[in-house]
Amino acid sequence: MGHCLSCFNNQANTDVDTSQRHKDEMTEIVTNNQVPTVMISDYPQEEPLLHNNDNSVNCYRSSSNISNANALNSLNEYCSNDTINKMHINNDKTPKSFYQKLPSIPRTMSSIGSSEARISESKINQLFDQYKDNLEDAILAEGIENLCNDLQLNPDDFKVLVLAWKLNASQMCRFTKTEFVQGLKNMKTDSIKGIQQKLNEIINELKRDSEHFKDLYRFTFKFGLDVSTGQRILPADIAVLLWRLVFTNNEPPILDRWLSYLEKNPHIRGIPKDTWYMFLNFCEYVGDDLSSYDDTEAWPSLFDDFVEFENDQMNQNITKNDIKIQD
């Protein structure tokens, strides 16, 4: 027991000598402005080790030099006011807030998507309720007529067809709530004035982009069908009206003769989908001269009949002219 106590006393004396020696070494290092394991810094990203409320001094840990908590505890003894004052640290410096370093958002970036944000679905719903039928949750013939009046359009105006196209209406004289609301959201408008402006922009785009017009042309056939009865063939009289309407701004040279032929032949009762679609190609192919038409190509039979009729008319005209010349 006595031997153990003696060892303990010797060890205690050794620890005191070691501690004193460490203190002397650290004082000398700090006095010479050499701080190998502790940084006095104003960087806000470092974690503060000590904070002296009297002098507002922060000691920050260097992640590269301090390896464990024991070394940290031994160093805390030497971060005194006198030692730090010898290093001429400016105590007025305070760490800068991280958020102050963030760049301000440019005005142009903050306004991205603002046009979409201004579109109000509640305004679109109110607009729909203004025209919808009293008994059905849809805008029917009377409501569409009132809508056209507010848009300053005739019901048979080309712009009304364009509006139906943009609403993706499933049939004529009827806009469902889903079609109307989603259509106006896609158009990015929620007012009568906005619809008028968007329709003008879309029509100008149709003049420039043939692919958009082709999409409108294909939609027009579907729009004319009576889906409630499962109709698949467009009635000839409806087809004539829709052909005149869809070609309002870019009428093909052959259109008048084609429609006249349909009206003079009442046995032609309907226009199938493939005939409607191919007529656009037919117009581009023949132009205003049917002499380029090749009946061996895979054209619908109705086109063959039309060209034959037109050629007969042409031959009759030539024959009549020859007879007049001979007389």
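Above this text sits the structure in question.
Here is what the cut-offs are and how they apply
Each chain has its residues counted from 1, running along the sequence as written. For this predicted model, a pLDDT threshold of at least 70 governs which residues receive local features, and a threshold of 80 or more governs which side-chain atom pairs are given and counted, while totals over whole chains, interfaces and linings are taken from all residues. Excluded from the side-chain calculations are hydrogens and water; all other atoms, namely the structure's heavy atoms, are used. With a 1.4 Å probe rolled over the protein chains alone, any residue whose accessible area is under 20% of its type maximum counts as buried; one over 50% counts as exposed, and the rest are partly exposed. Secondary structure follows DSSP: runs of H or I at least 4 residues long count as helices, runs of E at least 2 residues long count as strands, and numbering of each begins at the N terminus. Working definition: the arc comes from the directions between the helix axis and the C-beta atoms, pointing outward to the latter. Residue contacts follow a heavy-atom distance rule, with two residues in contact if any of their heavy atoms lie within 4.5 Å. Between the rings of Phe, Tyr and Trp (Trp by its six-membered ring), a pair exists once the centres lie within 6.5 Å; its type follows the angle of the planes, with under 30 degrees stacked, over 60 edge-to-face, and the other angles tilted. Only protein atoms enter the 1 Å grid used here, on which a cavity is any set of points holding a 1.4 Å probe that cannot leave and a pocket is any open set flanked by protein within 12 Å on both sides along at least five of seven lines; residues with an atom within 4 Å of a point are listed as lining. Grid points are joined across faces, edges and corners, and a volume is the space filled by probe spheres set on the points. Here the nonpolar group is Ala, Val, Leu, Ile, Met, Phe, Trp, Tyr, Cys and Pro; Asp, Glu, Lys and Arg are the charged ones; every other residue, Gly included, is treated as polar. Only the stretch in contact is used when a helix axis is fitted, and all axes are lines through C-alpha atoms; the angle between N-to-C directions ranges over 0 to 180 degrees. Any angle from 65 to 115 degrees is called roughly perpendicular, while one under 35 is roughly parallel, one over 145 is roughly antiparallel, and all others are oblique.

1. Concerning helix α7 (residues 141-150)
So, point 1. For α7, the set of buried residues is Gly 143, Ile 144, Leu 147 and Cys 148. When α7 is viewed along its axis, its buried side chains cluster within an angular range of 140° and face the same direction.
So, point 2. Where α7 is buried, its residues touch α6 (121-131), β4 (138-139), α8 (158-167), β5 (175-176), α9 (177-187) and α10 (192-208).
So, point 3. A positive phi of about 60° marks Gln 152, the residue just after α7.

2. Notes on the packing of aromatic side chains
So, point 1. Overall, the coordinates contain 26 aromatic pairs when judged by the stated rule.
So, point 2. Each ring, one from Phe 282 and one from Tyr 293, has its centre 5.7 Å from the other, and the planes form 75°; the classification is edge-to-face. On the criterion of sequence distance, the pair formed by Phe 282 in helix α14 (residues 273-286) and Tyr 293 in the loop between α14 and α15 (301-326) is long-range, its members being 11 residues apart.
So, point 3. On the basis of relative accessibility, which here comes to 11%, the residue Tyr 293 falls in the buried class.
So, point 4. Arranged with centres 5.4 Å apart and planes meeting at 50°, the rings of Tyr 285 and Trp 299 form a pair that is tilted.

3. As for the layout of surface pockets
Rolled over the atoms, a probe sized like a water molecule indicates the empty space that remains.
So, point 1. Space inside the largest pocket adds up to approximately 390 Å³.
So, point 2. Considering the residues around the largest pocket, the lining is formed by 17 residues, among which Pro 155, Asp 156, Met 172, Cys 173 and Phe 223 are closest to the centre.
So, point 3. Those elements that provide at least two residues to the lining of the largest pocket are α7, α8 and α12 (236-246).
So, point 4. Among the elements that take part in the lining of the largest pocket, α12 stands out by supplying four residues, more than any other.
So, point 5. Across the lining of the largest pocket, the residue classes break down as 14 nonpolar, no polar and three charged.

4. Comments concerning the packing of α8 against helix α11 (residues 210-224)
So, point 1. Relative orientation of the contacting elements α8 and α11 amounts to 90°, with a least axis distance of 10 Å. The orientation of α8 with respect to α11, classified from their angle, is roughly perpendicular. Contacts between α8 and α11 pair Phe 158, Leu 161, Val 162, Ala 164 and Trp 165 from the former with His 212, Asp 215, Leu 216, Phe 219, Thr 220 and Phe 223 from the latter.

5. Some words on the packing of α8 against α9
So, point 1. Axis separation between α8 and α9 bottoms out at 8 Å; the angle between their running directions is 95°. In terms of their interaxial angle, α8 and α9 are classed as roughly perpendicular. The segment α8 lies against α9, with Leu 163, Lys 166 and Leu 167 engaging Glu 179, Phe 180, Gly 183, Leu 184 and Met 187.
So, point 2. Broken down by class, the residue content of the contact of α8 with α9 amounts to five nonpolar, one polar and two charged.

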